Structures are given as structure tokens and as C-alpha cells.
Amino acid sequence: METGERESKNFIETIIENDIKEGRVTTIKTRFPPEPNGYLHIGHAKSIILNSGLAEEYGGKFNLRFDDTNPTKEKSEFVESIEADVKWLGANWEDRLFFASNYFDDMYKAAVRLIERGKAYVSDMSADEIREFRGTLTEPGKDDPYSKRTVEENLKLFEEMKEGKYEDGSKVLRARIDMASPNINMRDPVIYRIAHLTHQNTGDKWCIYPMYDFAHPIEDAIEGITHSICTLEFEDHRPLYDWVLIEAGFKKTAEDTPKQIEFAKLYLTNVVTGKRYIKKLVEEGIVDGWDDPRLVSIAALRRRGFTPESLRKFVELCGISKGNSSVDYAMLEYCIREDLKLKRSRIMACLNPVKVVIDNFPEDKEEELVVVNNMENDELGTHTIKFTKEIYIDRDDFMKEPPKKYFRLYPGNEVRLMQAYYVTCTSFEEDENGEVTVIHCTYDPETKGGNSPDGRKVKGTIHWVPAPYAVKATVRLYENIVNEELGVYNEDGSLNLNPNSKTVLTDCVIEPEILKAKPYDSFQFVRQGFFAVDPKDTTDNHLVFNRIVSLKSSYKLPTNK
RNA sequence: UGGGCUAUCGCCAAGCGGUAAGGCACAGGACUUUGACUCCUGCAUGCACCAGUUCGAAUCUGGUUAGCCCAGCCA
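Residues numbered from 1 in each chain as written. Chains lettered and ligands numbered in written order. Predicted model: local features only at pLDDT ≥ 70, side-chain atom pairs only at ≥ 80, totals over all residues. Heavy atoms only, no water.

Chemist: Kindly report on empty space enclosed by the protein, identifying the contributing residues and their values.
Modeler: Counted according to the given criterion, the structure contains 1 cavity of 30 Å³ or more. A volume near 30 Å³ is recorded for the largest cavity. As for the largest cavity, its lining consists of Tyr212, Asp213, His216, Pro217, Tyr241 and Gln260. With 4 residues, the single largest contributor to the lining of the largest cavity is helix α7 (residues 212–223). Looking at the lining of the largest cavity, its residues break down into 3 nonpolar, 2 polar and 1 charged. (1 Å grid on protein atoms, 1.4 Å probe; cavity = no way out; pocket = protein on both sides within 12 Å on 5 of 7 lines; lining within 4 Å. Points joined across faces, edges and corners; volume = space filled by probe spheres on them. Helix = DSSP H or I, 4+ residues; strand = E, 2+ residues; numbered from the N terminus. Nonpolar A, V, L, I, M, F, W, Y, C, P; charged D, E, K, R; others polar.)

Chemist: Go over the pattern of salt bridges with me, naming the residues and quoting the values.
Modeler: Between side chains of opposite charge, pairing is possible as soon as their charged atoms come close. Per the counting criterion, the structure on display carries 49 salt bridges. Where Arg238 meets Glu262, a salt bridge forms, and the shortest distance between an N and an O atom there is 2.8 Å. Highlighted residues: Arg238 in helix α8 (residues 238–247) and Glu262 in strand β9 (residues 259–263), separated in sequence by 24 residues. In this structure, Glu376 engages Arg346 in a salt bridge whose closest nitrogen and oxygen atoms are separated by 2.9 Å. (Salt bridge = Lys/Arg side-chain N within 4 Å of Asp/Glu carboxyl O.)

Chemist: I'd love a proper account of the sheet that holds strand β14 (residues 353–358), names of residues and values included.
Modeler: The sheet built from 7 strands is open, its strands ordered β21-β18-β19-β20-β14-β17-β22 with mixed pairing. The strands lining the two open edges of the sheet, one partner per strand, are β21 (461–462) and β22 (464–466). One ladder, built from 3 bridges, connects strand β17 (residues 390–394) with β22; its direction is antiparallel. Residue pairing across strands places Ile393 opposite Trp464, the latter belonging to β22. (Pairing = 2+ DSSP bridges.)

Chemist: So, the protein's contact with RNA strand B: which residues are in play, and what are the values?
Modeler: The environment of RNA strand B is formed by 65 residues, the closest being Arg346, Phe407, Arg408, Gly449 and Ser554. Here RNA strand B approaches the protein such that, of its atoms within 4 Å, sugar and phosphate make up 63%. Separating a sugar or linking oxygen of RNA strand B from a backbone N or O atom of Asp328 is a distance of 3.2 Å. In the model, a base oxygen of RNA strand B is placed 2.8 Å from a nitrogen or oxygen of the Arg527 main chain. Those elements that place two or more of their residues in the surface near RNA strand B are α5 (127–133), β6 (190–194), α11 (308–318), β11 (325–327) and α12 (329–340). Within the surface near RNA strand B, the residues separate by chemical class into 25 nonpolar, 21 polar and 19 charged. (Near = heavy atom within 4 Å. Polar contact = N/O pair within 3.5 Å; in protein donor to acceptor, adjacent residues only side chain to side chain.)

Chemist: Could you give an account of the environment of Cys441, with specific residues and numbers?
Modeler: Along the chain, the position of Cys441 falls in strand β20 (residues 436–444). Judged by its relative accessible area of 0%, Cys441 is buried. C-alpha of Cys441 to C-alpha of Glu333: the two residues are 108 residues apart in sequence and 37 Å apart in space. Beyond its immediate sequence surroundings of up to four residues, Cys441 is in contact with Val356, Val357, Ile358, Asp359, Asn360, Leu409, Val423, Thr424, Cys425 and Thr426. (Buried < 20%, exposed > 50% of the residue type's maximum accessible area, 1.4 Å probe, protein only. Contact = heavy atoms within 4.5 Å.)

Chemist: Go over the nonpolar core, please, and point to the residues and values.
Modeler: Counting 37 residues, the largest nonpolar core has Ile42, Val86, Leu268, Phe306, Phe314, Leu332 and Ile548 as its most contacted members. When residues of this core are assigned to domains, at least three fall in each of domain 1 (11–263) and domain 3 (472–549). With residues up to four places along the chain from it excluded, the contact list for Leu332 reads Ile42, Leu268, Phe306, Leu311 and Phe314. Of all hydrophobic cores here, the second largest spans 33 residues; its members include Ala111, Ile115, Ala195 and Val244. (Core = buried A, V, L, I, M, F, W, Y, C linked by side-chain atoms within 4.5 Å. Domains from an automatic or database assignment.)

Chemist: I'd love a proper account of α7, names of residues and values included.
Modeler: In this model, α7 (12 residues) spans 16 Å end to end at C-alpha, consistent with the 16 Å of a helix rising 1.5 Å per residue. A large share of α7 lies buried, amounting to 9 of its 12 residues. Those residues of α7 that sit buried are Asp213, Phe214, Ala215, His216, Pro217, Ile218, Glu219, Asp220 and Glu223. (Expected span 1.5 Å × (residues − 1).)

Chemist: Account for the packing of aromatic side chains, with residues named and values stated.
Modeler: Summed over the entire model, instances satisfying the criterion amount to 21 aromatic pairs. Ring centres of Phe158 and Tyr192 lie 5.3 Å apart, and the angle between their planes is 70 degrees; this geometry places the pair in the edge-to-face category. Of this pair, Phe158 sits in helix α6 (residues 151–163) while Tyr192 sits in strand β6, and the two are 34 residues apart along the sequence. Comparing Phe158 with Tyr192 shows no difference in burial state: the two are buried. Among the aromatic residues, those joined into a cluster by ring pairs are Phe104, Tyr108, Phe158, Tyr192, Trp206, Tyr209 and Phe214. Across from the ring centre of Trp88, 5.4 Å away, lies the NZ or CZ of Arg302, which sits over that ring. A cation over an aromatic ring shows up here: Lys386 above the ring of Tyr469, its NZ or CZ 5.0 Å from the ring centre. (Phe/Tyr/Trp six-rings, centres within 6.5 Å; stacked < 30°, edge-to-face > 60°. Lys NZ or Arg CZ within 6 Å of the ring centre and 35° of its normal.)

Chemist: Account for the environment of Met161, naming residues and giving values.
Modeler: In this fold, Met161 is placed in helix α6. We classify Met161 as buried; its relative accessible area is 0%. Each C-alpha atom of the pair Met161 and Asn451 lies 84 Å from the other, and the pair is 290 residues apart in sequence. Aside from chain neighbours lying at most four places away, what touches Met161 is Val122, Tyr166, Lys171, Val172, Leu173, Tyr192, Ile194, Cys207 and Ile208.

Chemist: Break down helix α3 (residues 76–88) for me, citing the residues and quoting the values.
Modeler: Between its first and last C-alpha, α3 extends 18 Å over 13 residues, near the 18 Å set by a 1.5 Å rise per residue. The set of residues buried in α3 consists of Phe78, Val79, Ser81, Ile82, Asp85 and Val86. Angular distribution of buried residues about the axis of α3 spans 170 degrees; they occupy a single face of the element. Exposed side of α3, more than 90 degrees from the buried face: Glu80 and Lys87 are the residues found there. Buried residues in α3 make contact with β1 (29–32), α2 (42–57), β2 (61–66), β3 (97–99) and α10 (298–304). (Arc of directions from axis to C-beta.)

As C-alpha cells, this is what we get:
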């Protein structure tokens with residue numbers, strides 16, 4: 001099944017369709033506006049896929065814009081990684097890559113316009129004083145003593161701020177709105193601050209920088225964005241967004257575009273999402289880096305072997321709404337399995353190998369068998385594998401004393417070795433600890449290919465690797481970094497980490513076909529799950545695999561008896 | 001306790017006055033050279049709660065409760 005069609009549309013699509021129907025817009029324009037202060041994670045994927053998807057769906061345009069209005073937090077390292085991640089996800093901004101910082105001139109002019117219209121003033125109050133005068137949630141604020149400055153005075157002061165005459169924090173430009181507004185964002189918000197810093201894009205050209213609330217609506221207006229989609233916490237900012245556009249002359253009424261629309265963020269149950277938390281895990285060295293496979297940053301998911309298609313499917317499946325919610329991780333697992341199962345070759349690998357000797361198989365004989373890479377997808381072709389007297393199977397596929405309904409290998413039982421022969425376990429050897437060291441079997445030469453001419457059935461089919469040709473590799477197993485509740489830090493800043501979130505490296509053996517694999521290539525290891533070649537740890541002569549997701553398993557060993 | 005927003009199955013989520021879509025998860029069954037996949041079947045007399053309007057309400061009205069967001073010169 002390819003891109004299955006959704007029968008219901010989300011509320012943003014409804015808004016857009018109304019805007020088109022009622023003639024407010026003809027070509028819609030959306031944007032993804034990250035601040036380059038960290039790496040992108042799966043939550044951003046929702047926004048990227050939503051915004052670019054909407055543009056695509058309605059024949060509009062999608063822009064990538066760096067919202068770099070605060071040089072204290074931003075680095076060019078991050079703009080590079082973000083660009084790569086957005087591209088990898090398949091969002092196409094064509095030639096429309098923008099930087100808010102390139103609009104600083106327009107923003108400065110807009111601020112001057114506000115001052116001229118008496119809608120903004122320079123204040124000398126300190127940050128503490130401004131906070132004090134702002135009032136509280138239940139009490140109104142008090143007028144800024146500097147709010148009575150004349151237009152001329154404000155113009156002169158703001159010009160001097162720009163020229164660098166004042167120190168950081170000594171003056172700010174505030175919008176003149178309403179200190180008694182029940183919406184605290186409207187109590188004369190600061191719209192420009194002084195920061196003598198080298199900006200990642202504009203260098204030392206500016207020493208005053210616009211605040212988000214002032215800059216963002218202007219950025220949208222300049223680019224002709226029609227639908228400015230953001231997350232729920234900006235709902236209270238929407239009146240300010242409209243105020244700026246109207247007072248600075250970018251639009252007539254709040255009904256005109258650009259129009260801000262808010263939706264709920266994506267949370268994964270028990271998984272640490274959120275830039276600042278991931279950042280903390282990285283900085284504290286709890287994980288190896290931004291792309292540690294246990295994380296859900298885009299870089300980590302890519303390294304781990306997730307596909308862009310699987311993330312698109314996931315976002316689509318989760319839906320868009322205004323209710324805060326937390327999606328089951330199982331949903332993500334479903335999406336990646338669904339995407340990979342028809343795209344990837346199946347290969348036999350024993351994560352915890354144990355040797356099997358086929359006693360009645362001739363000592364030096366080798367048989368070449370042809371294996372279909374994916375029974376459901378012919379395009380993936382075939383490969384060959386040698387069958388030999390000594391092979392490895394997974395330790396889980398043998399039990400000395402099988403519990404009920406266990407139908408893999410055990411003394412006296414016959415199973416099928418995938419694509420090869422029926423074998424029957426005759427005996428086994430164990431060490432002093434009771435650990436099985438070698439399993440002895442006999443094979444039935446009549447069953448080559450895995451079918452019995454006499455119509456005899458076996459209940460179990462197990463995978464194997466020829467011992468002389470087994471390729472040694474390492475698999476990285478881990479659980480996601482999880483927390484008890486929504487991946488949130490405790491009040492003291494600590495995190496209740498899942499004890500399983502440790503990475504475990506295990507030696508394994510894989511059939512020789514695996515030697516053709518390159519970094520990021522992924523496979524379905526028969527009965528084990530999907531794995532991808534790690535791009536960082538892998539060397540020329542040793543492969544390291546990250547587990548992308550395990551397969552569903554409906555056989556559980558009985559817990560008691 | 002000022003303002004804004006949200007409340008439909010374990011988890012997402014449609015629904016917009018005409019008698020509860022779909023997906024994930026789960027359970028049972030069929031099939032199977034991966035106990036996978038695939039395929040069937042089941043899974044809210046109920047839509048946070050209480051009143052009211054209506055022939056009829058998850059959808060409208062009033063009230064209540066719960067959760068999320070806002071007092072950065074962050075975004």
C-alpha cells in the first residue's frame with residue numbers, strides 16, 4: 001500500500017480550504033522556521049512534514065527560514081545540520097532558503113514606523129524593573145515611566161541604540177499597547193534589545209536585535225506566508241502577531257494573511273523529546289552525541305536506519321489537533337516496520353550463536369543454495385548461501401527441555417533450516433555450567449530446499465549461518481532513553497532514566513552476503529528485526545549494526561512451571 | 001484565584017443537530033519455508049460531569065470539574 005488516502009482532513013486543511021474558497025488566498029505559502037540553536041528531533045519532523053505537505057497538497061510553496069534573531073544561542077553548525085535534516089525528510093524549499101537576519105533592515109524600518117506613529121518607545125528600565133512593572137497574572141501592570149518620551153526623543157534614542165552608544169541591557173524598545181491587558185504578552189512587550197555580539201549570519205553589523213514577537217510576523221509578511229503554523233504555546237501571542245502586522249502596516253485587519261494557526265506538539269509516550277532535554281543529555285554525556293541511536297533526534301533516527309517515508313507515515317497517522325497528547329511508541333514502530341518490510345532484503349543472522357553439527361552431512365561437502373531476498377518483493381532478487389556440515393543457529397532456537405508449544409529445535413524434534421533441509425536434533429553437549437556448547441543433528445537429504453517429498457510437515461523453521469563462512473559483526477541493542485513521565489526532567493533537573501537505556505553491544509554471526517552492505521544499509525535479520533549498518537562505528541573489516549526495530553513476536557516463553 | 005486553549009475506546013483521531021469513521025495496541029481464528037507478513041473476527045447503548053433547549057444533542061445553551069500554556073531584554 002502506498003500513500004493511503006486519508007478520508008478525513010485535519011482542522012488546518014479545513015481553514016486553508018475555506019480561505020481558498022472565500023478568496024482570501026489563491027496560492028498558499030507555508031514555512032518551517034527553526035532557530036538554529038540545536039538539532040532537530042521528531043517533533044520538528046511533524047512541523048516540517050505538516051508545512052511542506054500542506055504546500056504540496058494545495059499547490060503552494062514551502063520556505064525554510066532560520067529564525068536567527070538571538071545571536072546568544074545560535075551557531076552555524078546548527079544551520080547546517082538543520083538544512084540536512086529537512087532535506088533528508090524530503091521537504092522541498094527549492095530556492096527559498098531564508099534567514100530572518102537578512103530582514104533586519106526591514107525590521108528596523110518597521111520599528112521606526114511604529115515609533116513615528118507613537119506605537120513604540122525606548123525604555124531605560126532594567127529587566128528586573130520591567131518585570132516588576134509588568135504586573136502578575138491577576139494584577140494589571142503599571143505604565144513604564146519612560147513611556148511618555150516624545151516621538152523625536154524615541155527616534156533619536158533608538159537610532160543611538162543601533163549605533164552602539166548604549167550597553168547591553170541599558171535600553172530596550174517597547175511596543176505601546178496596554179499595560180492592563182489580561183494577556184500579559186500585550187503589556188508593552190519588548191521588541192528590540194541591545195546585544196553586542198557577533199551574529200552567525202550578519203557578523204558585527206548589528207548590535208540591536210528584534211524579539212521573536214516583533215520579528216516573526218514581519219518575516220512571514222515579507223515572504224508572503226499565508227498560513228503561519230506554529231505550536232500551541234503561541235496562542236496567546238496571536239493578538240500581538242496581528243498587532244505588529246497591522247500597526248507596522250503589513251496588513252489591514254486580523255483576518256488578512258499571514259494568519260497564525262496553532263497545533264499541538266508531538267510527544268512520544270515515555271520518550272525524551274524536546275530540544276532542551278536532548279541538549280542536556282548530550283551535554284551531560286549521558287548519550288554519545290546528538291545522533292546517539294537511543295535518541296529521537298532526526299540525526300539519530302537516520303543513523304539508526306529509519307526512513308523519511310516512515311516518519312512521514314507516522315506524522316500522517318498521528319494526525320493534527322489542538323489537544324495535547326502523547327503518542328504510543330508502538331505507532332512509530334508500526335510505521336517503520338510497515339515501510340521496511342517490503343523494501344529490505346531478509347538475511348540470516350544469529351545474535352547469540354550456538355554451533356550445530358549435522359552428523360550425517362559429508363565432512364567437506366558444500367552446497368550452494370539460492371535464497372529469495374524478500375518473498376513479497378521480487379525486485380529485491382536473490383542471493384546464494386553455502387550449506388555446510390557445521391552451522392550456527394540462534395541460542396533461542398534450541399531448548400534442552402522445551403516448554404509447551406515450543407516448536408523449534410529440541411532433542412528428538414525435527415525442524416526446517418530455512419531454505420535448506422529438515423534436521424532432527426539427536427543430542428547436545430554442554431559445559432559444566434549447563435550451557436549448551438554443541439548441538440548434534442541429522443539431516444534428511446530428501447528435503448533439500450525445505451520441502452519433504454513425503455509431505456511430512458514440521459512446525460518450526462529456523463534460521464542459520466554456515467560456520468566456515470560466518471561473518472562476525474556487532475549489533476547495538478538498546479532501548480530508547482525513556483523517563484517515567486513524558487520524558488520530562490524532575491524538579492531538581494534529574495531524569496528517571498530507564499535502566500534498559502544502556503547500549504549493549506553483542507557479537508553475532510551473519511551470512512556472508514552481508515559483506516556487500518554499506519553504511520546506512522538496512523536489512524531484516526530473519527526473526528530478529530530490522531537492523532542498519534552504523535555509519536560511524538563501522539570499519540572496513542568490521543560491521544556494526546543498529547537495531548531499528550524488532551519484529552513482533554507472539555510466542556512468549558511460559559513464565560512459570 | 002486574570003487571560004488563552006483542550007476534554008470522543010489503553011494510545012492517536014474523525015465527527016460541526018439526525019441516532020459514535022479509521023489507525024495503533026490488544027484478544028481470538030485462518031494461512032505460513034520468519035511464531036513475521038497477509039487475511040478474517042472482536043473491541044465506546046457511549047462522547048469529562050450536571051442541568052437545559054429540541055421530535056432528536058458528542059454536536060446548541062448554562063453551570064461544574066480536570067489538564068495544558070502565559071508574568072525572558074528566549075523562540
